[in-house]
Amino acid sequence: MRQITVNPAESIKGQINVPGDKSISHRAVMIGSLSEGVTRIQNFLMGEDCLNTLRAFRAMGIQTEIGDDRVVTIHGNGLDGLCEPEDVIDIGNSGTSIRIMSGVLAGQPFYSVITGDSSIRRRPMGRITEPLRKMGARIFGRGNGTLAPLTIIGGDLKSIYYKTPVASAQVKSSILMAGLFANGYTTVTEPAQSRDHTERMLRFFGAEVQSDGLNHQLKGLPRLKGREIIVPGDISSAAYFLVAAAITPGSEILVKDVGINPTRAGILEALKQMGAKIQVENHRKVNGEPIADIRIYHSKLRGATFKGDVIVRMIDEIPLLAVAATQAEGETVIRDAKELRVKETDRIAAMTKELRQMGAEVEPIEDGMIISGNPPPTLFQRGVQKGGLRGAECDSHGDHRIAMSVAVAALIADGETTISDIDCVQTSFPSFFKLLDSVRR
Ligand code: S3P
């Protein structure tokens, strides 16, 4: 297991691009595979999670090529073009792959088994197996189908109306993907609006999908046509550099071509609310997704309260938001984020442990965290700590977002920080540490 040492930075400066969006890369492979003809995906995220989705569709007979310069070509065989995989499908660490692909597998008239690593095998699957069973799929798994490995014998699905108790794009997408194989209209209602990349992409490939915020309706058995997809830069990856610049004195960074889909851009709202100097420039649209360039400067941040719908729009950025909160004046309160407890690791427990090791005052609560801001100036004057954090021996908990959030905290800590078990960063952002080195001054 590799570890890394991160030293404090003088400042963060430069102009960068971050790798392609993880959610959109997954969906482009899945929807491209179910379409007729060729789908070319530019700026595909070559991270382990998305490569696992690609391997899974190859195992079901889809011909794919990875070209130079992150272009992936998918030769789709249409809605009924998949074949029974010869072996268990192992999607590694990727919750998006197992949950959304289970929706696809539910529509197949064959036998499949899908599983993943030890983290995946602990994560809740009842949230997808319950609606997929209602649609008619036969699904077996540990804990009465609530835990992977999942065995799925699908086909003959009927469309349903389903009200999901969790605001989860994976759950919504799993049901909508299954709905592709059911005659009639499949409708999902969610309690808060989760990311809508599936709805946008299905429309782009020719499906009929209506959305009015919380209700999403898909007409089954569409003919999807292969398309050209340009994957925007991942806002979840950009966020590490935005927060790094916001909290490190003397910094300014420009992140180009970032997806700013409003259902994903909660971190921009949150940073603005905390007083960050942030500019979103050069707005454009690619394949139904808005993109822009984001510029941010070192800023004096103030604590704030985050709860309700905005949490869903920045669910993956909350560990990082906790890092920003350690540098803000006053207290930051994060609530309604119970979902963090069932991510790749329990992110509330993990961030509390690691930030405390670095000297921050963090109080975990059932559905979030309370983070005390910067220590009073007297402590600085006495030279106790730089930026209120000190270097420490930290651990990723096997979770890419914890590893990268701790690395950002290390930039403004006093002394060096080591982070153990950093291989997990390969899942979503293999070039993260190299890119971080390229902007530190
Ligand atoms: C994702 C949805 C979110 C997010 C995950 C990616 C997606 O998960 O945390 O990283 O691509 O649909 P939930 O659906 O569990 O909220």
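Residues numbered from 1 in each chain as written. Predicted model: local features only at pLDDT ≥ 70, side-chain atom pairs only at ≥ 80, totals over all residues. Heavy atoms only, no water.

It is not clear to me how the site of the ligand should be interpreted in this structure. Could you clarify?
Taken together, Ser23, Arg27, Thr96, Arg99, Ser168, Ala169, Gln170, Arg195, Ile315, Asp316 and Lys343 form the complete shell of residues around the ligand. Within the contact set of the ligand, an oxygen atom lies 2.6 Å away from a side-chain nitrogen or oxygen of Arg27. Asp316 is positioned with one of its side-chain polar atoms (N or O) 2.7 Å from an oxygen atom of the ligand. Mapped by element, the contributors of at least two residues to the shell around the ligand are helix H1 (22-33), helix H3 (95-106) and helix H6 (169-179). Residue classes in the shell around the ligand are distributed as two nonpolar, four polar and five charged. (Near = heavy atom within 4 Å. Polar contact = N/O pair within 3.5 Å; in protein donor to acceptor, adjacent residues only side chain to side chain. Helix = DSSP H or I, 4+ residues; strand = E, 2+ residues; numbered from the N terminus. Nonpolar A, V, L, I, M, F, W, Y, C, P; charged D, E, K, R; others polar.)

Help me out: how do you make sense of the sheet that holds strand E21 (residues 368-371) in this one?
Each strand in a sheet pairs with its neighbour through backbone hydrogen bonds, running either in the same direction (parallel) or in the opposite one (antiparallel). Taken in spatial order, the four strands make up an open sheet running E18-E19-E21-E20, and their pairing is mixed. Only two strands of the sheet have a single neighbouring strand rather than two, namely strand E18 (305-306) and strand E20 (362-365). One ladder, built from three bridges, connects strand E19 (residues 332-334) with E21; its direction is antiparallel. Bridge pairing in E21 places Val333 opposite Ile370. Contacts from helix H12 (residues 347-357) reach E20 and E21, with the element oriented near 165° to E20. (Pairing = 2+ DSSP bridges. Contact = heavy atoms within 4.5 Å. Axes fitted to C-alpha atoms, helices over the stretch in contact; angles between N-to-C directions.)

What is the right way to look at the sheet that holds strand E5 (residues 72-77) in this model?
Read across the sheet, four strands follow the order E4-E5-E3-E14 without closing on themselves; strand pairing throughout is mixed. Sheet topology places strand E4 (63-66) and strand E14 (228-230) at the edges, where each strand pairs with a single neighbour. Taken pair by pair, the neighbouring strands of this sheet meet at an average axis angle of 15°, ignoring direction. This element, H1, spans strand E3 (36-42), E5 and E14 of the sheet and lies at about 35° to E5. Together, E4 and E5 form the strand contacts of helix H2 (residues 48-59), whose direction differs from that of E4 by roughly 145°.

What should I look at first to understand the packing of aromatic side chains in this one?
Here a ring pair, both rings aromatic, is described through the centre-centre distance and the interplanar angle of the planes. Using the criterion set out here, one finds six aromatic pairs in the structure. The aromatic ring of Phe204 is capped on one face by Arg227, whose charged end is 4.0 Å from the ring centroid. (Phe/Tyr/Trp six-rings, centres within 6.5 Å; stacked < 30°, edge-to-face > 60°. Lys NZ or Arg CZ within 6 Å of the ring centre and 35° of its normal.)

Where do I start with the confidence of the model for the protein in this structure?
The predicted structure's coordinates, where accompanied by low pLDDT, should not be read in detail. For the protein, the average pLDDT comes to 96, and 97% of its residues sit at 70 or higher. No element of the protein has a lower mean pLDDT than helix H13 (residues 377-381), which averages 45, and none a higher one than H6, which averages 99. Contacts of residues 377-386 to residues separated by more than four positions or lying in other chains number 17 contacts, the stretch itself having pLDDT below 50. (pLDDT = per-residue confidence, 0-100.)

Explain the domain arrangement of the protein to me, please; I cannot follow it from the model alone.
Often the size quoted for an interface is simply the accessible area lost on bringing the parts together. When the domains of the protein are assigned, the result is domain 1 (3-19 + 232-439) and domain 2 (22-230). Between domain 1 and domain 2, the C-alpha centre-to-centre distance is 30 Å. In this assembly, 28 residues from domain 1 lie in contact with 27 residues from domain 2. Taking both sides of the interface into account, the surface hidden between domain 1 and domain 2 amounts to around 2,300 Å²; carbon and sulfur atoms contribute 50%. It is Asn287, Glu344 and Thr427 in domain 1 that bury the most area against domain 2; as a group they hold 24% of the surface buried on that side. Counting across the domain 1 and domain 2 interface gives three salt bridges. Residue Asp316 is joined to Arg195 by a salt bridge in which the shortest nitrogen-to-oxygen separation is 3.3 Å. At the boundary of domain 1 with domain 2, the tally comes to 14 residue pairs in polar contact (both at pLDDT 80 or more). (Domains from an automatic or database assignment. Buried area = accessible area lost by both parts, 1.4 Å probe. Salt bridge = Lys/Arg side-chain N within 4 Å of Asp/Glu carboxyl O.)

Got a minute to help me understand the side chain of Arg264 in this structure?
Here Arg264 is to be found in the loop between strand E15 (252-259) and helix H9 (266-273). The buried category is assigned to Arg264, whose relative accessible area is 2%. Ignoring any residue separated from it by four or fewer positions in sequence, one finds Arg264 in contact with Asp21, Ser23, Arg195, His197, Asp234, Ile235, Ser236, Arg313 and Glu317. (Buried < 20%, exposed > 50% of the residue type's maximum accessible area, 1.4 Å probe, protein only.)

Explain the packing of helix H4 (residues 126-134) against H6 here, please?
Two quantities define a packed helix pair, namely the angle between the helix axes and the distance between the axes. Look at H4 against H6: their axes get within 9 Å of each other, and the N-to-C directions meet at 25°. Judged by the angle between their axes, H4 and H6 are roughly parallel. With respect to the hand of their crossing, H4 and H6 are arranged in right-handed fashion. Only Gln170, Val171, Ser174, Ile175 and Ala178 of H6 make contact with H4, whose side of the interface consists of Arg127, Ile128, Pro131 and Leu132. The residue makeup of the contact of H4 with H6, split by class, is six nonpolar, two polar and one charged. (Parallel < 35°, antiparallel > 145°, perpendicular 65-115°, else oblique. Left-handed = near helix turned anticlockwise from the far one by under 90°.)

Explain helix H11 (residues 318-326) here, please?
Note: α-helices contain 3.6 residues per turn, so residues at a spacing of three or four share the same orientation. The buried count for H11 comes to nine of nine residues, which makes it a mostly enclosed element. Along H11, the residues classified as buried are Ile318, Pro319, Leu320, Leu321, Ala322, Val323, Ala324, Ala325 and Thr326.

Hey, could you run me through the pairing of E20 in this one?
Both faces of the sheet carry side chains from a regular strand, because those side chains alternate between them. Inspection of the sheet shows E20 paired to E21 by four bridges, in the antiparallel sense. Looking at the pairing, Val362 lines up with Ile371 of E21. Linking E20 to E21, which pair antiparallel, is a turn of two residues.

How do you make sense of the nonpolar core when you look at a structure like this?
For soluble globular proteins, nonpolar side chains are generally found buried alongside one another. Core analysis: the biggest nonpolar cluster contains 82 residues, and Phe241 and Phe432 have the highest contact counts within it. Among the elements that line this core, the one with the most residues is helix H8 (residues 235-247), at 11 residues. In contact with Phe432, not counting residues within four places along its chain, are Tyr240, Phe241, Met404, Ala407 and Val425. Leu82, Phe110, Met201 and Val231 belong to the second largest nonpolar core, which has 62 residues in total. (Core = buried A, V, L, I, M, F, W, Y, C linked by side-chain atoms within 4.5 Å.)

I would appreciate a short explanation of the pattern of salt bridges in the present structure.
Side-chain pairing between opposite charges can occur once the charged atoms of the two side chains come close. The final tally for this structure, using the stated rule, is 29 salt bridges. Salt-bridge contacts for Lys172 lead to Glu199; the nearest nitrogen and oxygen are separated by 2.8 Å. Here Lys172 is found in helix H6, whereas its partner Glu199 is found in helix H7 (residues 197-204), with 27 residues between them in sequence. In terms of burial, Lys172 and Glu199 fall into one category: buried. The shortest N-O distance in the salt bridge between Lys353 and Glu354 comes to 4.0 Å. Judged by its relative accessible area of 47%, Lys353 falls in the partly exposed class. Connected through shared salt-bridge partners, Arg123, Arg195, Asp316, Glu344, Arg347 and Asp399 make up one network.

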